[in-house]
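One letter stands for each residue in the lines below.
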Amino acid sequence: MVVGRGMATIALVGLSPLLLIPSASATIHPLAGGCATHAMAPHEPSRQAPPGARWLRGYARSYCTDFLGGGLPQGWGRFRGVPHGDPSGMFDPSHVVVAGGMLSLLTMRDAANGGGWATGGVCQCGIGRTYGAYFVRSRLTGAGVDEVQMLWPVAHVWPPEIDFNETGNRVTTTAWYVHFRSSGHQIARTLRINLTRWHTWGVRWTPRLITFTVDGDVWGVVRSPSVIPHERMTLDLSQQTWCGIAPECPQRPLAMQVDWVAEFAPIH
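Predicted, not measured: the structure shown is a model, and the values here were computed from it.

### Re the overall build of the protein
Across its full length, the protein holds zero helices and 18 strands. The 268 residues of the protein split such that 54% are buried. Across the protein, contacts joining residues at least 24 apart in sequence account for 67% of those joining residues at least 6 apart. Surface exposure of the protein reaches about 11100 Å², of which carbon and sulfur atoms provide 56%.

Here it is, written out as structure tokens:
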């Protein structure tokens, strides 16, 4: 499945990128860019602290957030609107909640959407990079909605797209995808895993290699030069329902919970 997004004021190219607008209502907490140390791990929602500044050989930590306080960190924005290619879906900024040291994206029926399903989505819109390593510690509360952690082009022209954790409608399997070429080519691999437990999902993106990891273990590598993107991209976290179009249609309220995000830049 193609999952992406773009801003409403930009002409989009591709099969079905999402038509979204980062919300201007996102609040910023002065501590929200901070991250706990290893000693604070017992106080983390997932009982694991973000990796340290020099944890990844050849890289230095360039960004980290523990989602402290009650608002999104600086540089992040909420999605709103109907996804392009999916008239059954709706992104609502109120379905993005920061509380208890966690970011929660919520899927539930919403009176503001005529009682239909609405979901949450965010992008690290203010921080676009070419190459680097991204790690997201997260879990799901149930099955039925497509949950995606991905890199999306700053230019909002699709493809490319790197999905390093896309669940479909299950909590027992996920997949990584690399979308390339305007004709919709993609490569992918699935993984059987319990998504209701906390896991650290990672992608390391270099000019010659894309490496996918979960809890520090490699579960996929892409080496083809024609597949690897070479443009600035942002980190996006989102949910999407495809009711009446695809199996991703929830039966009850669901959430993607994110404990922290850590990013690393190569040391030159």
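### So, the sheet that holds strand S8 (residues 121-123)
Spatially, S4-S8-S17-S10-S11-S12-S13 is the arrangement adopted by the seven strands of the open sheet, whose pairing is antiparallel. For this open sheet the edge positions go to strand S4 (77-78) and strand S13 (185-192), each flanked by a neighbour on one side alone.

### Thoughts on the confidence of the model for the protein
Summarising the model, the protein shows a mean pLDDT of 87, and 88% of its residues fall at 70 or more. Counting contacts from residues 1-33, a segment whose pLDDT is below 50, to residues more than four positions away or on other chains yields 120 contacts.

### Considerations on unusual backbone geometry
Of note, the bond from Trp158 into Pro159 is cis; its omega dihedral lies within 30 degrees of zero at -10 degrees. When you line up the elements, Pro159 lands in the loop between strand S10 (146-153) and strand S11 (161-166). Look at the link from Pro159 to Pro160: it is a cis peptide, with omega at 20 degrees. Take Pro160: it is sitting in the loop between S10 and S11. The backbone of Phe67 shows a phi angle near 55 degrees, a positive value even though the residue is not glycine. With respect to the secondary-structure elements, Phe67 resides in the loop between strand S3 (59-65) and S4. With relative accessibility at 0%, the residue Phe67 sits in the buried group. Its identity as a non-glycine residue notwithstanding, Asp215 has a phi of 55 degrees, on the positive side. The partly exposed category is assigned to Asp215, whose relative accessible area is 40%.

### Side note on the state of the cysteines
Each disulfide consists of a covalent bond between the sulfur atoms of two cysteine residues. Under the defined criterion, the tally for this structure stands at three disulfides. Paired by a disulfide, Cys123 and Cys125 hold their sulfur atoms 1.8 Å apart. Between Cys123 and Cys125, the S-S torsion sits near 60 degrees, and that sign places the bridge as right-handed. Cysteine pairing for the protein, with bonded cysteines counted in sequence order: 1-2, 3-4, 5-6.

### Let's talk about the environment of Asn165
For Asn165, the location among the structural elements is in strand S11. The sequence separation of Asn165 and Trp176 amounts to eleven residues, and the corresponding C-alpha distance is 5.5 Å. For Asn165, the contacting residues outside a window of four places in its chain are Ser138, Glu147, Val148, Gln149, Thr174, Ala175 and Trp201. Among the polar contacts listed, one links the side chain of Asn165 to the side chain of Thr174, at a separation of 2.6 Å.

### A word on the nonpolar core
Core analysis: the biggest nonpolar cluster contains 39 residues, and Trp76, Leu103, Ile210, Phe212, Leu235 and Leu237 have the highest contact counts within it. What Leu237 contacts, discounting residues up to four positions off in sequence, is Trp76, Leu103, Leu105, Gly121, Val122, Val136, Val148, Gln149 and Val258. The next biggest cluster of nonpolar side chains, apart from the first, holds eight residues, and it includes Leu56, Tyr59, Cys64 and Phe135.

### Considering the pairing of strand S17 (residues 233-240)
Burial runs high along S17: eight of the eight residues are buried. The alternating pattern of S17 places Met233, Leu235, Leu237 and Gln239 and Thr234, Asp236, Ser238 and Gln240 on opposite faces, both of which are buried. Relative to S17, S8 runs antiparallel, the two sharing three bridges. When the sheet's bridge partners are listed, Gly121 is paired in S17 with Ser238. Bridge analysis of S10 against S17 gives eight bridges, and the strand direction is antiparallel.

### Looking at the packing of aromatic side chains
In total, this model carries eight aromatic pairs according to the counting rule given. Taking 5.3 Å as the distance between ring centres and 65 degrees as the angle between the ring planes, the aromatic pair formed by Tyr131 and Trp205 counts as edge-to-face. Of this pair, Tyr131 sits in the loop between S8 and strand S9 (132-140) while Trp205 is found in strand S14 (residues 199-205), placing the two residues 74 residues apart along the sequence. Note on Trp205: relative accessible area 0%, which makes it buried. With a centroid separation of 6.0 Å and an interplanar angle of 70 degrees, the aromatic rings of Trp201 and Trp219 are classed as edge-to-face. Of this pair, Trp201 sits in strand S14 while Trp219 is found in strand S16 (residues 217-222), placing the two residues 18 residues apart along the sequence. Linked through ring pairs, Trp55, Phe135 and Phe264 together constitute an aromatic cluster.

Conventions and cut-offs
- Residues numbered from 1 in each chain as written.
- Predicted model: local features only at pLDDT ≥ 70, side-chain atom pairs only at ≥ 80, totals over all residues.
- Heavy atoms only, no water.
- Helix = DSSP H or I, 4+ residues; strand = E, 2+ residues; numbered from the N terminus.
- Buried < 20%, exposed > 50% of the residue type's maximum accessible area, 1.4 Å probe, protein only.
- Contact = heavy atoms within 4.5 Å.
- Areas by Shrake-Rupley, 256 points an atom, 1.4 Å probe, with all protein chains shown as cover.
- Pairing = 2+ DSSP bridges.
- pLDDT = per-residue confidence, 0-100.
- Disulfide = S-S within 2.5 Å.
- Polar contact = N/O pair within 3.5 Å; in protein donor to acceptor, adjacent residues only side chain to side chain.
- Core = buried A, V, L, I, M, F, W, Y, C linked by side-chain atoms within 4.5 Å.
- Phe/Tyr/Trp six-rings, centres within 6.5 Å; stacked < 30°, edge-to-face > 60°.

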